[in-house]
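Okay, here's what each chain looks like letter by letter:
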Amino acid sequence: MFIIPKPALISRVFSTVSRIMEKHGVVPDVIPVAPKEVAEVSYISGVKADQGNELTPTQVKDQPKLKWSADPSAFYTVCMTDPDAPSRKKPTYREWHHWLVVNVPGSDISKGEVLSGYVGSGPPEKTGLHRYVFLIYKQSGKLTFDEPRIPDTSGDKRASFSIRKFAEKYKLGNPVAGNFYQAQYDDYVPILYKKLGE
């Protein structure tokens, strides 16, 4: 039986992630370089983000669990962002960020500092598929962030965000892990808008 050496396996996974993110335009619309690791993103509804698969807003309304090969002694930034607001053809609000947690110790997001509470997908009607991109950055240590704190009941100050600029501002480098799914309008979207006061 032939066993692929670990470095070759990592290289193969990276080239696949890179190729898929380039195919869907995540590179360069959101980030300049694809992460080497695919983060596992799972929802209590039973679905998982899987490199561009299509999920529904109903399936992703609750905050997901993320897994990646985290260093337990390091701190991480976790982001979920939509570069297709209000649509992929006219992304005038690019990006609209859905979730932003910093100073995450290891992979324990529950102990991180929430800058923006989780908001599920809410693509407007007749705007087609939106990409929802999860990115994880390894921080140089515990950092101080001078960003607004946004609860999960507010859509304020989420538009015209750039995870690339955010990463540059805090010297986060390139993402170490990531994943994404796509979603379009369903009946949950008006419920989400009501929750956000829109």
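See the structure printed just above.
Residues numbered from 1 in each chain as written. Predicted model: local features only at pLDDT ≥ 70, side-chain atom pairs only at ≥ 80, totals over all residues. Heavy atoms only, no water.

### Side note on the overall build of the protein
Short version of the rule: Helix and strand assignments come from DSSP, with helices taken as H or I runs of at least 4 residues and strands as E runs of at least 2, each series counted from the N terminus. Just to be clear, the radius of gyration here is over C-alpha atoms, and the globule rule we use is 2.2 Å times residues to the power 0.38. Remark: exposure states derive from per-residue accessible area (1.4 Å probe, protein chains only) relative to the maximum for the residue type, with buried under 20%, exposed over 50%, and partly exposed in between. Contact between two residues is taken to exist if any of their heavy atoms lie within 4.5 Å; hydrogens are not considered.
For the protein, the count of helices and strands is 4 helices and 10 strands. Written out in order from the N terminus, the α and β elements of the protein read α-α-β-β-β-β-β-β-β-β-β-α-β-α. Compactness check: the protein gives a C-alpha radius of gyration of 16 Å against a globular reference of 16 Å for 198 residues, within 12% of the reference. Expressed as lengths along the three principal axes of its C-alpha atoms, the size of the protein is roughly 55 × 40 × 30 Å. Counting across all 198 residues of the protein, residues that qualify as buried make up 47%. Taking the contacts inside the protein whose residues are at least 6 apart along the sequence as the reference set, 73% of them involve residues at least 24 apart.

### Regarding the packing of aromatic side chains
For the record, the criterion: Whether two aromatic rings pair depends on their centres lying within 6.5 Å, for rings of Phe, Tyr and Trp, where Trp uses its six-membered ring; planes under 30 degrees apart make the pair stacked, over 60 edge-to-face, and the rest tilted.
Overall, the coordinates contain 9 aromatic pairs when judged by the stated rule. When the centroid spacing of 5.2 Å and the interplanar angle of 20° are considered together, the rings of Tyr132 and Tyr181 count as stacked. Separated by 49 residues along the polypeptide, Tyr132 in strand E9 (residues 130–138) and Tyr181 in strand E10 (residues 177–183) bring together distant segments of the chain. The exposure classification of Tyr132 matches that of Tyr181, with both residues buried. Taken together, the aromatic side chains of Tyr43, Tyr132, Phe134 and Tyr181 make up a single cluster linked through ring pairs.

### A word on the nonpolar core
Going by this rule: Here, nonpolar core refers to any group of buried Ala, Val, Leu, Ile, Met, Phe, Trp, Tyr and Cys residues whose side-chain atoms link them within 4.5 Å.
Counting residues in hydrophobic clusters, the biggest one holds 24 residues, and the most contacted among them are Tyr43, Leu66, Trp99, Phe134 and Tyr181. The contacts of Phe134, once residues within four sequence positions are left out, are Val41, Tyr43, Ala49, Pro64, Leu66, Cys79, Met80, Trp99, Ala177, Gly178, Asn179 and Tyr181. Counting 22 residues, the second largest nonpolar core, distinct from the first, contains Leu115, Phe161, Tyr170 and Phe180.

### Observations concerning the environment of Glu198
For Glu198, the position within the fold is in the segment after helix H4 (189–195). In the structure, Glu198 is positioned 47 residues away from Pro151 in sequence and 14 Å away in space, judged by C-alpha atoms. Once residues within four sequence positions are removed from consideration, Glu198 is found in contact with Gly155 and Tyr193.

### Side note on the environment of Gly106
Residue placement: Gly106 occurs in the loop between strand E7 (96–105) and strand E8 (113–116). Here Gly106 falls in the buried class, since its relative accessible area comes to 4%. For the pair formed by Gly106 and Leu143, sequence separation is 37 residues and the distance between their alpha carbons is 14 Å. Contact partners of Gly106, with chain neighbours within four places excluded, come to Trp68, Ala70, Asp71, Pro72, Ala74 and Tyr76.

### Overview of the pattern of salt bridges
Convention followed: Put simply, a salt bridge is a Lys or Arg side-chain nitrogen that is within 4 Å of an Asp or Glu carboxyl oxygen.
Tallied over the full model, the rule gives 10 salt bridges. Here Asp108 and Lys111 are joined by a salt bridge, their closest N and O atoms 3.7 Å apart. Residue Asp108 is classed as partly exposed on the basis of its relative accessible area, which comes to 28%. Each of Asp29, Asp84, Arg94 and Arg131 takes part in one network of salt bridges that share partners.

All we've got here are geometric facts, nothing functional implied.
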